Protein chains: 2
Amino acid sequence: MAKKNMIVGQSGGPTAVINSSLYGVVSEGLLHPDTIEHIYGMVNGIEGFLNGTILDFQEALPGEKLSFLKNTPGAYLGSCRYKLPESLEDPVYPILFQKFEEMNIGWFFYIGGNDSMDTVSKLSRYAASIKSDIRIIGEPKTIDNDLVHTDHTPGFGSAARYVASTVREIILDANVYEKKSVTILEIMGRHAGWLTAASALARKYKGDNPMLIYLPETDFDQEAFLEKVTECLEQNCNVVVCVSEGIHDAHGTFICEYDSSVGTDTFGHKMLAGCGKYLENLVRNRLGVKARSVEFNVSQRCSASMLSATDQQEAIAAGSFGVQAALQGETGKMISFIRKENADGTYHMECGLEDVNDICNKEKTVPLEWITKDGTDVTDDFIRYARPLIQGTVSLPIGEDGLPLFVSRK
Amino acid sequence: MAKKNMIVGQSGGPTAVINSSLYGVVSEGLLHPDTIEHIYGMVNGIEGFLNGTILDFQEALPGEKLSFLKNTPGAYLGSCRYKLPESLEDPVYPILFQKFEEMNIGWFFYIGGNDSMDTVSKLSRYAASIKSDIRIIGEPKTIDNDLVHTDHTPGFGSAARYVASTVREIILDANVYEKKSVTILEIMGRHAGWLTAASALARKYKGDNPMLIYLPETDFDQEAFLEKVTECLEQNCNVVVCVSEGIHDAHGTFICEYDSSVGTDTFGHKMLAGCGKYLENLVRNRLGVKARSVEFNVSQRCSASMLSATDQQEAIAAGSFGVQAALQGETGKMISFIRKENADGTYHMECGLEDVNDICNKEKTVPLEWITKDGTDVTDDFIRYARPLIQGTVSLPIGEDGLPLFVSRK
């Protein structure tokens, strides 16, 4: 059989382990030199591919350099937020497949979230329509953990570990003074509260901070919130509250929008502060206590300092499994995670294959049974689900400059 | 000689190694059982001591538990922001010293920044005036690195390492898309720009991000800033800018105040956003490019994830040296760091003693010679100064829950 080439791309927002998945794909590809000739990377996803920006991994990251991908956050190949046209009659499809043919591509891998799985879905459906034998596989990736038909997603474990450990550190910081205080922590998650829920992992005992946790899966009521905070302040001098960026009221209005309706900058433009800042002001003004807020921001998705070894290993395994599946002829599938239990009750994970058409453009939110009735906390079921995913520390290689050693294209 | 007791307190904002200093003080104290009977901690500093809140370390952290202090961020003993009266005639002084006498205190240690050294100064001057033989020693601590008469301060190295590594991660995150973007990172430092300057350590090559660094030591001009950003965008698609929270213009107005003059929340109260948010809006509106901002916030002072082993060892050494000095009869002194060079040119640090009266209430800023003429960067002299302080990784002990194991009083 004549050799063919494989190509891999990354898409959507980065995570701490999106490059671990890339490492899994490329390193598995290298194990099949009799079948796979070149291993190409699309620079800036399918959009970059259309513009002709590609690289060859054997040149870009030769030998041991490839392994630095494992610990490098951000998307090594660059990313895009490009949606392929809905109609498979669109001229972009024949253009893409002509390029694939020119490059002798036999296998196509795309690492991303539900938008990226849309790309995998369209490409694989188009491939079927023209009877192309290119195998097209989706590799899951998102800190949001919102993909359906998979127990969890690569990227979530490390983001959850970052959130839990950072919340634990900020609790220590908040406990320093003996003056009543409320600290609001704003965590990523517009529609799914998985990452905010992970803040519960920071607790060391029942009743510990964070005393209140609000997810976007339930409606947020400002007056009920103020009452809850008041109750908590009676039990604990320093109250830490975790909120998803996407919390909204019963009318569907995002809490952060209540703020922007009034604030304007010097140019008269509306200033969008996050819901954390808004709630900080609400607490200070209505309850008259010291209040502050911290927006966790992009470090949630790009910090390597709290990589979960479990997450990293699973991301690599998913990458590798995807290549094996493609070589066995699978296409139009996304790699999924299936949770299994060892004989001793401990967790292990197996890879599976799911039809990508059942996954793309869908969103898995936190089950309502895992949220307490008053919507201010998560249940032990969530803790049991999430705890195994944050296990294990990764020792980052340190460079001569004393800082973590990352690889980049530049 | 009859045995006496020692007491130690913490004051001001926490750092990643303020408890390493505490560990140094207490563990050194334990080495002198023939001289020192009890080792007490003031809970919430001198203010807590006045209210009678103390603990005994042999009870609170017996045996090996003490060593967990080394890696625990936040102030284990709690803190205060209490300023002793200027007049030594104030009745609080005899009250304090009567309490010391009742508790048979022979040695008093206070870990803090320049405000806390004011407490050490006043107590030691009062002690001299009443011919008390209590030895009173200040232990330096601040992420701001703004104490005079010391090469640097414990806490700065770890905060600098956190800033440098986080900036490096966010640079990777910023490079993901091929669309022109400006990322503003707001770093702590109201009057001294040491920590913001540390962002320069993130660079991997000349011209790398962060392309612009603004410290509060020079005046900030908004138009000149916009011009510089425009220039940088011509060289690099994704520009990262680091600014101290305390940047101000030539009139002395903080840049963050330009924002609050207009924004109000739903209660009509002024909303204080940081200068990062203000500059984000300025760039978006004036330059028409994608802009975002990240406020590094309290993690700069409470994250254990990027502890500098050098900083941690020095904090312990300073704690230990302070106890040795007090036992030798020193009083009214702060432990200082003196930079030395090994025969091979590498760095080492020695502890010294400085008159605390020369240190308290003063502030050391970044020398103007270490800032480029246009005020948009630091020089290689700063890099040579700061690089040794961020060396070495600390492996955090991990608990059964998969997260760093910290000790706390609660």
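All values derive from a computational prediction rather than experimental measurement.

Engineer: Quick rundown of the overall build of chain A? Include the residues and the values.
Structural biologist: Helices and strands together make up the secondary structure of chain A, namely 13 helices and 11 strands. Residues classed as buried in chain A amount to 63% of the 410 residues present. Taken as a whole, chain A presents about 15,200 Å² of accessible surface, with 49% of it coming from carbon and sulfur. For chain A, the distance from the average position of its 38 positive side-chain charges to the average position of its 55 negative side-chain charges is 2 Å.

Engineer: Could you give an account of empty space enclosed by the protein, naming the residues involved and the relevant values?
Structural biologist: Taken as a whole and assessed by the stated rule, the structure comprises four cavities of 30 Å³ or more. Here the largest cavity defines a volume of roughly 240 Å³. In terms of lining residues, the largest cavity is bounded by 22 residues, among which S408 and R409 of chain A together with I171, L172 and N175 of chain B are the most central. Of the residues belonging to the lining of the largest cavity, the class tally is 10 nonpolar, seven polar and five charged. A volume near 110 Å³ is recorded for the second largest cavity.

Engineer: Which residues make up the side chain of R203 of chain A, and what values go with them?
Structural biologist: Residues and elements named next belong to chain A. For R203, the location among the structural elements is in the loop between α7 (194-197) and β7 (212-214). Only 3.4 Å separates the side chain of R203 from the backbone oxygen of D208, close enough to count as a polar contact. With residues near it in sequence (within four places) discarded, R203 still touches R168, D208, N209, P210, M211, I213 and D377.

Engineer: Which residues make up the packing of helix α4 (residues 92-102) of chain A against helix α5 (residues 114-129) of chain A, and what are the values?
Structural biologist: Residues and elements named next belong to chain A. Taken N-terminus to C-terminus, the directions of α4 and α5 make an angle of 80 degrees; their axes are 11 Å apart at the nearest point. Here α4 lies roughly perpendicular to α5, going by the angle between them. Contact residues: Y93, P94, L96 and F97 in α4; K122, L123, Y126 and A127 in α5. Residue classes in the contact of α4 with α5 are distributed as seven nonpolar, no polar and one charged.

Engineer: So, the nonpolar core: which residues are in play, and what are the values?
Structural biologist: Within the largest apolar cluster, 172 residues are counted, with the highest numbers of intra-cluster contacts made by F57 of chain A together with F57 of chain B. Residues contacting F57 of chain B, with those up to four places away along its chain left out, are V8, L22, V26, I39, Y40, G41, P62, L66, L69, Y76 and L77 of chain B.

Engineer: Before we move on, can you summarise the confidence of the model for chain A with the specific residues and values?
Structural biologist: Caution applies to low-pLDDT parts of the model: their predicted coordinates are not meant to be read in detail. Mean pLDDT over chain A: 95, with 97% of residues reaching 70 or higher. We note a pTM of 0.96 for the whole complex and an ipTM of 0.95 for its interfaces.

Engineer: Which residues make up the interface of chain A and chain B, and what are the values?
Structural biologist: Interfaces are frequently sized by the accessible area removed from exposure as the parts join. Listed as interface residues are 77 residues of chain A and, on the opposing side, 77 residues of chain B. Contact between chain A and chain B buries roughly 6,000 Å² in total, counting both sides, with carbon and sulfur atoms accounting for 55%. Of all residues in chain A, the largest losses of buried area upon contact with chain B belong to E169, Y177 and L403 of chain A, amounting jointly to 10% of the total for that side. If you look at where chain A meets chain B, you find four salt bridges. Taken together, the links from chain A to chain B amount to 26 residue pairs in polar contact (both at pLDDT 80 or more). At the level of elements, α6 (156-174), α9 (255-260), α10 (275-287), β9 (290-295) and α11 (299-302) of chain A are the ones that each hand at least two residues to the side of chain A that touches chain B. Sort the elements by how many residues they give to the side of chain A that touches chain B and α6 of chain A lands first, with 10 residues. Here the residues of the side of chain A that touches chain B sort into 33 nonpolar, 27 polar and 17 charged.

Engineer: A description of the relation of the copies chain A and chain B should follow, citing residues and the corresponding values.
Structural biologist: After a rotation of 180 degrees and a shift along the axis of 0.0 Å, chain A superposes on chain B with an RMSD of 0.0 Å. What we have between these two chains is a two-fold relation. Mapped onto chain B, 99% of the interface residues of chain A again fall at the interface, so both copies present the same surface.

Engineer: Help me get a handle on the sheet that holds strand β1 (residues 4-10) of chain B, residues and values and all.
Structural biologist: Residue and element names in this part refer to chain B. In space, the seven strands of this open sheet follow the order β3-β2-β1-β4-β5-β10-β11, with mixed pairing throughout. The two strands at the open ends of the sheet, each matched to only one other strand, are β3 (54-56) and β11 (347-355). On average, adjacent strands in this sheet sit at an angle of 30 degrees to one another, irrespective of strand direction. Here four bridges tie β1 to strand β2 (residues 36-42), and the two strands are oriented parallel to one another. Across the sheet, residue M6 finds its bridge partner in β2, namely I39. Lying over the sheet, helix α1 (residues 18-30) contacts β1, β2, β4 (105-112) and β5 (135-140), oriented at roughly 175 degrees with respect to β1. Contacts from helix α5 (residues 114-129) reach β4, β5 and β10 (333-341), with the element oriented near 170 degrees to β5.

Engineer: I'd love a proper account of the pairing of strand β8 (residues 238-244) of chain B, names of residues and values included.
Structural biologist: One face of the sheet, then the other: side chains in a regular strand alternate in exactly this way. Residue and element names in this part refer to chain B. Among the seven residues that make up β8, seven are buried, leaving the element largely enclosed by the rest of the structure. Judged by which residues are buried, β8 turns out to be covered on both faces: N238, V240, C242 and S244 on one side and V239, V241 and V243 on the other are all buried. Where strand β6 (residues 181-187) lies against β8, seven bridges are found, and the strand directions are parallel. Across the sheet, the residue bridging to T183 is V240, located in β8. Two strands pair when backbone bridges link them, and strand β7 (residues 212-214) and β8 are joined in this way by three bridges, in the parallel orientation. Residue pairing across strands places Y214 opposite V243, the latter belonging to β8. For the crossover that starts at β7, traverses helix α8 (residues 222-235) and ends in the parallel β8, the hand is right-handed.

Engineer: Explain the packing of α8 of chain B against helix α10 (residues 275-287) of chain B to me, and be specific about the residues and the numbers.
Structural biologist: Residue and element names in this part refer to chain B. Between α8 and α10, the least distance of the axes is 11 Å, while the angle of their chain directions is 65 degrees. Viewed along their axes, α8 and α10 adopt a mutual orientation that is roughly perpendicular. Read as a crossing pair, α8 and α10 show a hand that is right-handed. Along the contact surface, α8 presents Q222, E223, F225, L226, V229 and T230, while α10 presents Y278, L279, L282, V283, R286 and L287. Of the residues that constitute the contact of α8 with α10, the class distribution is eight nonpolar, two polar and two charged.

Engineer: Before we move on, could you go through the packing of aromatic side chains and cite the residues and values that matter?
Structural biologist: The full count for this structure, using the stated rule, is 36 aromatic pairs over all chains. Centre to centre, the rings of W370 of chain A and Y385 of chain A are 5.3 Å apart; their planes meet at 50 degrees, and the pair counts as tilted. Of this pair, W370 of chain A sits in the loop between β11 (347-355) and α13 (380-386) while Y385 of chain A sits in helix α13, and the two are 15 residues apart along the sequence. This pair shows no difference in class: W370 of chain A is buried, exactly as Y385 of chain A is. Both rings, one in W194 of chain B and one in F382 of chain B, keep their centres 6.4 Å apart while their planes meet at 35 degrees; by these two values the pair is tilted. Of this pair, W194 of chain B sits in helix α7 (residues 194-197) while F382 of chain B sits in helix α13 (residues 380-386), and the two are 188 residues apart along the sequence.

Engineer: Which residues make up the pattern of salt bridges, and what values go with them?
Structural biologist: The full count for this structure, using the stated rule, is 32 salt bridges over all chains. The residue R301 of chain B makes a salt bridge to D173 of chain A at a minimum N-O spacing of 2.8 Å. Of this pair, R301 of chain B sits in helix α11 (residues 299-302) while D173 of chain A sits in helix α6, placing the two residues on different chains. For the residue pair R301 of chain B and D173 of chain A, the accessibility class agrees, reading buried in each case. A salt bridge links E86 of chain B to K122 of chain B; the nearest nitrogen and oxygen atoms lie 3.0 Å apart. Pair noted here: E86 of chain B is in the loop between α3 (57-60) and α4 (92-102) and K122 of chain B is in helix α5, with a separation of 36 residues, a long-range link. By relative accessible area, which is 55% here, E86 of chain B ends up exposed. Put simply, K83, E86, D118 and K122 of chain A are held in one network by salt bridges that share partners.

Engineer: How would you summarise the side chain of Q300 of chain A if you had to cite specific residues and measurements?
Structural biologist: Residue and element names in this part refer to chain A. Position of Q300 relative to the elements: it lies in helix α11. Within the structure, Q300 has its side chain in polar contact with the backbone nitrogen of M188 (distance 2.8 Å). Reaching out from Q300, the side chain makes a polar contact with the backbone oxygen of N297 at a distance of 2.8 Å. Here Q300 is in contact with I143, A159, Y162, V163, I187, M188 and L195, once residues within four sequence places are set aside.

Rules and cut-offs
- Residues numbered from 1 in each chain as written.
- Chains lettered and ligands numbered in written order.
- Predicted model: local features only at pLDDT ≥ 70, side-chain atom pairs only at ≥ 80, totals over all residues.
- Heavy atoms only, no water.
- Helix = DSSP H or I, 4+ residues; strand = E, 2+ residues; numbered from the N terminus.
- Buried < 20%, exposed > 50% of the residue type's maximum accessible area, 1.4 Å probe, protein only.
- Areas by Shrake-Rupley, 256 points an atom, 1.4 Å probe, with all protein chains shown as cover.
- Lys, Arg positive; Asp, Glu negative; His and termini not counted.
- Charge placed at Lys NZ, Arg CZ, Asp CG, Glu CD.
- 1 Å grid on protein atoms, 1.4 Å probe; cavity = no way out; pocket = protein on both sides within 12 Å on 5 of 7 lines; lining within 4 Å.
- Points joined across faces, edges and corners; volume = space filled by probe spheres on them.
- Nonpolar A, V, L, I, M, F, W, Y, C, P; charged D, E, K, R; others polar.
- Polar contact = N/O pair within 3.5 Å; in protein donor to acceptor, adjacent residues only side chain to side chain.
- Contact = heavy atoms within 4.5 Å.
- Axes fitted to C-alpha atoms, helices over the stretch in contact; angles between N-to-C directions.
- Parallel < 35°, antiparallel > 145°, perpendicular 65-115°, else oblique.
- Core = buried A, V, L, I, M, F, W, Y, C linked by side-chain atoms within 4.5 Å.
- pLDDT = per-residue confidence, 0-100.
- Buried area = accessible area lost by both parts, 1.4 Å probe.
- Salt bridge = Lys/Arg side-chain N within 4 Å of Asp/Glu carboxyl O.
- Least-squares fit on C-alpha atoms with pLDDT ≥ 70 in both.
- Pairing = 2+ DSSP bridges.
- Right-handed = clockwise from strand over helix to strand, strands pointing away.
- Left-handed = near helix turned anticlockwise from the far one by under 90°.
- Phe/Tyr/Trp six-rings, centres within 6.5 Å; stacked < 30°, edge-to-face > 60°.

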